[in-house]
Every structure is written in structure tokens, then in C-alpha cells.
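Fold and geometry: a report
Listed below are the residues making up each chain.
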Protein chains: 2
Amino acid sequence: MVATKRLSTRGRAGRESGGSERRAELLAIAAELFATRGFLATTVREIADEAGILSGSLYHHFDSKESMAEEILRGFLEEQKQAYEQVLRENDDPREAIAELIRVSFRAMQRDRAAIAIFQNESQYLSQFDRFAFLRQSAHDFERLWTRVLQDGQRRGVFRTDLNVRLAYRFIRDMVWTTVHWYNPRGKLTANVIAEQYIQILCEGIVAQ
Amino acid sequence: MVATKRLSTRGRAGRESGGSERRAELLAIAAELFATRGFLATTVREIADEAGILSGSLYHHFDSKESMAEEILRGFLEEQKQAYEQVLRENDDPREAIAELIRVSFRAMQRDRAAIAIFQNESQYLSQFDRFAFLRQSAHDFERLWTRVLQDGQRRGVFRTDLNVRLAYRFIRDMVWTTVHWYNPRGKLTANVIAEQYIQILCEGIVAQ
DNA sequence: GTCTATATAATGATAGAC
DNA sequence: GTCTATCATTATATAGAC
């Protein structure tokens, strides 16, 4: 095998993406603060404090506070898109597909809790800036993906036909993602338990037979 | 009928509560801005602009930006508490009670959309201040009220007994209130339609029989 | 009840030394 | 990669005239 020489992305993290470990650490710190305090309520000084450096030093790694949020959100959305598409490839039955999509979402809650919270809480505010146009795009892509499964399920007699598909989608989406507001990664209620309970309520309802 | 003389709350709105019409107008303007742009992202200048006055003039009516948010939220929560308690007085059957609680919540969405959005979006941030301690208190009161109905329903065999009641409550609460993020008061989907669909999904699930 | 004018503090960001 | 030092801007809030 001939080792082809290629440019390494390492060594000159600078302000370009794809970066050093330090960069990743700083992003994780920022994500946690953005998620818990809110994007606007978090100051660059607080991020720097948490990282043990001064605010000015942050600008060696990032252009701006916004660019930090952008990188966090892009990373999460790309990952989530891949995960969802894999679910569709591996599940033909609509009911199983919906259940798996929910499970995959709750698995993301363990991995990317902070990013999900930021996506949930700050999308409306951030979307006003051109650089965050991808937020709307992703939301739209997700909606198409989920509603396709729901529609398919209706056609094949798996889901009730008197459902308004768009409404049902919003129902599921809100129910899944808002969990991030109270989900405790170290609590008794694991993401798995929550997922299974939600799938059951969604499919069968809360009323006894 | 003897007209008993009493102190009017009018005439000296000042900074005390219970106030002039102007005060109410200003609060409505602030509520709309807080709801759509976020509390932190809204400046007092913007509120004043929208009201056609200068920012300094706002402080004739209110102590601070926070006190505006406080008044908006207190008003909504008090009203909602009354509405919920009336539902419980008038509905003994747990399933009907839950359905009515949901309907009453969606009716609030028409009346107090802005306040609900603020309660949803800014509670976490505002709760850090002592003056907003009532937010946690109200959230706690609501949780107790709803879970009592759910538990009662389980005992009486109306709801499935394998439900985790606290989880089911959060499920319902999130599903109802997050609607405020996309609900359009002038859209085709009326609050009534949404409410009935949600009640159906919640009770019967989405899977066909 | 609103305006003029301004105090005061905090914020995001920059330039250059180390 | 971080620090020193600091700028420019913006925000909430105040005091007193009208």
C-alpha cells in the first residue's frame, strides 16, 4: 500500500474547523454553558473562566461567540441526520421505524444533551442570522423524514388514518426533544426507560383496555 | 342600593400593581416582544419604541424590565391555577378531567399565548432570581394537580397501571405547552382541533386497532 | 406621562507582547 | 496558546425639566 501524502488538519487549528483537542474542550465547555444558562446569558468571560483562561484567549480559537454555537450545532445535526437515515435503511416496518427513531433520539440525549438543548432553546433566536440558516434546513429535513414514515404507516394500515400527520409529527418531536429540559443523565430515569415509556404511550395511549 | 365609597385603584398607577390602561397596553407590548424575541434579546428601548415613547418613560410605569416579566407571569399563572381548579371541581371522571385540563390549557393558548411562551422559554433563566421564585412554586402546584388526576385514574382502573405517573405528566405537560412554539392564532389549525387530536393520541395512541 | 440627557456597568471583540 | 490592556458598543436605569 502506497502511503499517499496528505495535508494534516492538525497542527494548525487556528480558526478553521476540524481541530485540536483544546478546541474540542473549549467547545464542550461552551456547549454546557449555552445549554444550561442560555446563549445570550452566557458571556465569553464565563466560558473562558470555566476553561481557566482569559476571554481574549478564546479568540485565538474562535471568531466569535456565535461561531462556537454554530460549530456545536452543525456537529450535532450532521450526526443526528446520519443516525436517522440509518434507522430508515434498517427498518421497513413503520411502527418499528418510529420506535427506533425515538430510541435513536433518546440515545442522542445521552451523547449530545447540551447540543440538543441549544438547538431547542436558541434556534428561534439564532435563525435570524444568515450563518444559522442551516437550522431551519435541518428542522425541515427532519420533518420530512419523520412524516414519510408516518404517512407510509397510514397507507399500510399500521397507523390510524384519522391522524393529521403533520400534527402527529410535531407531537412526537416536541415530546422527544423537550425531555432535554428535565432529563438528568445521572438520574434514576435512564434515557432508555423514558424512550420505552414514551413509545408505549404514543402507540397505545394511556387509557386501559 | 347604597353606593359605598371605596378607594379607587385608578388615578395613581405609579409603580404599584393593579393599574391604568396604559400600563396594561405596555405590558401587552412587552409580553409580545418577550415571547417572540426572548426576554434577554428584547431591549427596553424596543419595548418603548413599539409603544411610541422613549425608553426612560417606561420607568415611570415599571421598576425594571424584570418587573414587567414578573407581572406578566404572575397574572397568567394565577388565572391558569383558577381555571385548572375549576376543572377538577366540575369533573369527577379522571379521563374527562384530563381531557378538560388539556382543553383548558389550549384555551389559554388563545388568550395568553405570549405569557405561556415566556413561561416556557424563560423560566429557567428567570428562576435564578428570588423575585421569580413563584415560577417554581407554580410549576410544582401544577404537577401535583395533574398527577393527582392521573393517580386517581389508575386506582379506578381508567388508566393503565404500568404508567409511570410522573413521566406521563411530563409527557402531557411538554406536549401541551410546547405547542406555543408553533401555534399560529390565525392559522388553519385552531387550538380546539389541536387539543382534540392530542387528547385522542394521548388516550388511544397512534396505532390502528 | 413623556422627554432630555446622562450615569454606570457590562459585553463582544481586537492588537500586540510574551 | 495565553495574557495584558483596552476599545467600541450597547444595555439598564436614573434625575429632573416640561
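Here the structure is a predicted model, which is why all the values come from computation and not from measurement.

1. Considerations on the protein's contact with DNA strand C
- The environment of DNA strand C is formed by 14 residues, the closest being Thr43, Tyr59 and Lys65 of chain A together with Leu54 and Ser57 of chain B.
- Among atoms of DNA strand C positioned within 4 Å of the protein, sugar and phosphate together represent 61%.
- For DNA strand C, a phosphate oxygen lies 3.5 Å from a polar atom in the backbone of Thr42 of chain A.
- Measuring from a phosphate oxygen of DNA strand C, one finds a side-chain N or O atom of His60 of chain B at 3.1 Å.
- Of the residues in the surface near DNA strand C, the class split is four nonpolar, seven polar and three charged.

2. A look at the protein's contact with DNA strand D
- Surveying the vicinity of DNA strand D reveals 14 residues, the closest of which are Leu54, Ser57, His60 and His61 of chain A together with Arg45 of chain B.
- Measuring from a phosphate oxygen of DNA strand D, one finds a side-chain N or O atom of Tyr59 of chain B at 2.9 Å.
- Contact distances for DNA strand D include 3.0 Å between a phosphate oxygen and a backbone N or O atom of Lys65 of chain B.
- Looking at side-chain class alone, the surface near DNA strand D contains four nonpolar, seven polar and three charged residues.

3. Some thoughts on the packing of aromatic side chains
Residues and elements named next belong to chain A.
- Evaluation of the coordinates by the stated rule reveals 23 aromatic pairs over all chains.
- Summarising the aromatic geometry, the rings of Phe106 and Tyr198 are spaced 5.9 Å apart at their centres and angled 85 degrees between planes, so their arrangement reads as edge-to-face. Here Phe106 is found in helix H5 (residues 94-111), whereas its partner Tyr198 is found in helix H9 (residues 191-204), with 92 residues between them in sequence.
- By relative accessible area, Tyr198 is classed as buried at 0%.

4. With respect to the UniProt feature "DNA-binding region" (unreviewed entry) in chain A
- Here the UniProt feature "DNA-binding region" (unreviewed entry) sits at residues 43-62 of chain A.
- Helix makes up 60% of residues 43-62 of chain A and strand makes up 0%, while its end C-alpha atoms are separated by 14 Å.

5. Here we look at empty space enclosed by the protein
Residue and element names in this part refer to chain B.
- Scanning the model with the defined rule gives one cavity of 30 Å³ or more in all.
- Roughly 30 Å³ of volume is contained in the largest cavity.
- What lines the largest cavity is Arg103, Phe106, Arg107, Gln110, Ala191, Asn192 and Ala195.
- Counting only elements with at least two residues in the lining of the largest cavity, the list comes to helix H5 (94-111) and helix H9 (191-204).
- Among the elements that line the lining of the largest cavity, the one with the most residues is H5, at four residues.
- Its residues placed into classes, the lining of the largest cavity shows three nonpolar, two polar and two charged.

The rules behind each value
Residues numbered from 1 in each chain as written. Chains lettered and ligands numbered in written order. Predicted model: local features only at pLDDT ≥ 70, side-chain atom pairs only at ≥ 80, totals over all residues. Heavy atoms only, no water. Near = heavy atom within 4 Å. Polar contact = N/O pair within 3.5 Å; in protein donor to acceptor, adjacent residues only side chain to side chain. Nonpolar A, V, L, I, M, F, W, Y, C, P; charged D, E, K, R; others polar. Phe/Tyr/Trp six-rings, centres within 6.5 Å; stacked < 30°, edge-to-face > 60°. Helix = DSSP H or I, 4+ residues; strand = E, 2+ residues; numbered from the N terminus. Buried < 20%, exposed > 50% of the residue type's maximum accessible area, 1.4 Å probe, protein only. UniProt positions renumbered as here; feature names shortened; annotations may be inferred. 1 Å grid on protein atoms, 1.4 Å probe; cavity = no way out; pocket = protein on both sides within 12 Å on 5 of 7 lines; lining within 4 Å. Points joined across faces, edges and corners; volume = space filled by probe spheres on them.

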